[in-house]
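# Survey of secondary and tertiary structure
Spelled out, the chains give:
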Amino acid sequence: MVLKLSEQKKAPCNPEDVASRINDYNKKTRGVLDYYRRLGKVRYVDCAKGNTEVYTSLQKAVLPSLYFVIGPKASGKSLASNHLSSIAQMNVVKFDEWEKLKSKTPETALIEFVKELHKQPSMKMVIEGFPRNLGELKHVLLNGVKPNKILYMDATEGRCIVNSGAESTSESFKMFHKQSKELIEFCKKENLLLTIRNSEDTQIEELKRAALKMVMPEVILVRTQEALEEGIVGVIRELHSRGYLIVSEEQMEADEILRETKIGRELKGYIQNRERVPNPKKVELLKKVIYSTSEDRQIILLRYPNTVKELKEFEDNCCEIFREFFLCQPEYIAADDINLETFMQQKDRLTLIDSFNGDLMDTYRGTQLQYALIVGPVASGKTTTAKHLAKFGFTFIEMEALAEDIKKRLATEDNPIENITVNFPQKLEELKARTLGRKNKDEKFVLDGLDFEDPVSIKKTITALGPPLFYLELAYDPKEVKTRYMKKNEVGELSEEDNARIDKLIEDFAKTRGMIEGLLADMGGMTNHYELSADTTEEELERSIREVFEPKLVLLKWDEDMNEVFVNLAMKYSFLYISVPDLVKREVEQRTALGIELIQTRKPKELVVEDPYSSAHYENALILKLLKEQIKRAAGKYQTAFISGYLSAYKLKGWEATQEFRVMDELFALEKEVGQIKSVVSIVRGCFESVENDRVAEKLEVRAKPPPKPAGEEEEKKEEAEEVQDKIGGNSLNKLNRRG
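As a starting point, this report considers the structure included with it.

Conventions we followed
- Residues numbered from 1 in each chain as written.
- Predicted model: local features only at pLDDT ≥ 70, side-chain atom pairs only at ≥ 80, totals over all residues.
- Heavy atoms only, no water.
- Disulfide = S-S within 2.5 Å.
- Pairing = 2+ DSSP bridges.
- Helix = DSSP H or I, 4+ residues; strand = E, 2+ residues; numbered from the N terminus.
- Axes fitted to C-alpha atoms, helices over the stretch in contact; angles between N-to-C directions.
- 1 Å grid on protein atoms, 1.4 Å probe; cavity = no way out; pocket = protein on both sides within 12 Å on 5 of 7 lines; lining within 4 Å.
- Points joined across faces, edges and corners; volume = space filled by probe spheres on them.
- Nonpolar A, V, L, I, M, F, W, Y, C, P; charged D, E, K, R; others polar.
- Parallel < 35°, antiparallel > 145°, perpendicular 65-115°, else oblique.
- Contact = heavy atoms within 4.5 Å.

## Remarks on the state of the cysteines
One pass over the full model with this rule turns up zero disulfides. No disulfide involves Cys-319; its nearest neighbouring cysteine sulfur is the one of Cys-318, lying 4.1 Å away.

## Looking at the sheet that holds strand β1 (residues 65-70)
Taken together, the five strands give an open sheet; going across it, the order is β2-β3-β1-β4-β5, and neighbouring strands pair in parallel fashion. In this open sheet, the two strands that pair with only one neighbour each are β2 (91-94) and β5 (193-198). Shown here is a sheet whose adjacent strand axes are inclined to one another by a mean of 20°, direction ignored.

## Looking at empty space enclosed by the protein
This model, assessed by the stated rule, comprises two cavities of 30 Å³ or more. When its volume is computed, the largest cavity comes out at roughly 60 Å³. Phe-326, Tyr-332, Ile-333, Ala-334, Asp-337, Asn-339, Glu-341, Asn-568 and Met-571 together form the lining of the largest cavity. Among the residues making up the lining of the largest cavity, the classes are represented as five nonpolar, two polar and two charged. Looking at the second largest cavity, its volume works out to about 40 Å³. Around the second largest cavity, the lining residues are Leu-373, Ile-374, Lys-382, Leu-447, Asp-448, Gly-449, Leu-450 and Phe-452. Elements that contribute at least two residues to the lining of the second largest cavity include exactly β11 (370-375) and β13 (444-448). Here the lining of the second largest cavity is built from residues that sort into five nonpolar, one polar and two charged.

## Observations concerning the packing of helix α11 (residues 249-259) against helix α13 (residues 279-290)
Here α11 crosses α13 at 90°, and the two axes come no closer than 10 Å. Of the possible angle classes, the one that applies to α11 and α13 is roughly perpendicular. In this structure, α11 contributes Glu-249, Met-252, Glu-253 and Glu-256 to the contact, and α13 contributes Lys-282, Leu-285, Leu-286, Lys-288 and Val-289.

Laid out in structure tokens, this is it:
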């Protein structure tokens, strides 16, 4: 509908009348908007922007979201398209069939096809087998049709021949690559291409999962301990203000029953018969909303799924849950209570919170910048500390280096670099471009060269970047600061003027420090605070940094059925839990660079308990690289890391096979490449074989119950054990086993 303004000039509106009309409009439409917002059908267009931006936003809101699927014959295009149709409820059009059905020539087909796309009632469509070349893509782009993504099924020639069952497929394979070479290169440059590799060993489920991720919105589950149920209201309010779509399965059931839809009548029947609504019905209900919204929208699921079974059914038939946030008190977690949270923690998809803060969710989603702030006065050792911290996976950014980059960019023949002065606002904009504009959302930064004697610039920096991951305060001695200043500036002694200036800088820093603490408290108080002394040697400083930021490794060795207990302990005491088989599985399924390397170097072994993702099948160097990346990501977040499933020597069947993996070799390699092993915990016949590290030991209050023994046998065994003990001479390990 086009609204035309009358040529007759109207009298200017009274501001009070305008405000009254807007309020009246909001009151009348709020209920309608709230209802359709819950269904994910509301699109927002900011009409305060320029005409071009408003037109583009309207086009995106009104026209269907398009996904093109390309690839050689028998590469898996139909498999991917049909799966998207089944799960994401998308309308699928096979371009070659449409072309034959409409009896169009190649010259007229594209023109008619564009017209058809503009008329489509479906809000999401998959076009299979289109475009066939760069010319076809450019034609639809010029006519206002831009795909959200182009899915490229990059299958090997061998896989295509196997799928089709015909050797002639080889010719069409070569023809496709000849015609589509320019198309694929163009799509890569325009960031339109999503590639799914399909080789001889690729599983069908992997292809389906990869295709679905193209249209899958980001879904986060929020659950709460029963005693804190009231806190969920604050969570909803906070998330709604940040643009999240809040989806409640209970609310959706009520809406469908009220509207008396087909599914609503079915739900009403279950309630009237006092039956539980089956999980498939709940998933069907949620799927309608989740795939009605755009794939770049963030969705919050409230309180559902509640069990591991419900979660698996939801993820198999709808979409993956990116992360769960569970609102609870630490004492709520019990070691022997195996539940949904245990499963999510094991998969590294759980965050426990005792109070809600939106910045925390943004951090885990990758929208919140992760950076470290090193706080200290002039010559306190900030640069040295920052360089050491860079070894833990932080990208080192020096403010003076940013200033030099700006100068080089602005320099001309008429205005040489030595004549250019860079001010703080310019440096801040450059810093924001380097950090907020990062391509890798997991990248962490450590900043050096900030002027801590200028509280205004520090406040602007923190406000622009958001709260830091942590701030590291360097304890300092004023005398040592002056000594360093002299060494840095190559002077034998300080003048009275220099002495007074350094004293003033230290005094100004103290004021800035107080301002930083107040600012971080106002921003939510979620930042960790560490203190270190830089008045030491570099070796001791690095050792101190390692003590603070490198998680201590605790290796776990036992049967798989004990994993859940230690997952819960990791939750309860804020330890990092790493399952090596789960890590390997994730890398392999996602076909990352490391995952492909793992697949290519896999050497199957005969195991006591078969596990296709066991570390025993893979090169130890790759497993260590995988662990090292995980530990680096955890730097500054966790003090202790449980590592399960690393030791391969215990998994192999047969004495000869175990000679390939020696336990001590694995331990030495882990300490050399990843970090210090604080302890190894092993459970044998229901007790701890060895536990070192008092801090961990006092918290590992776990005992596996042994099977019941016949009457009288217990005493005989006890006497026999004591007799053997006396003969061999007791040691701490044997005493621990006897007590166990």
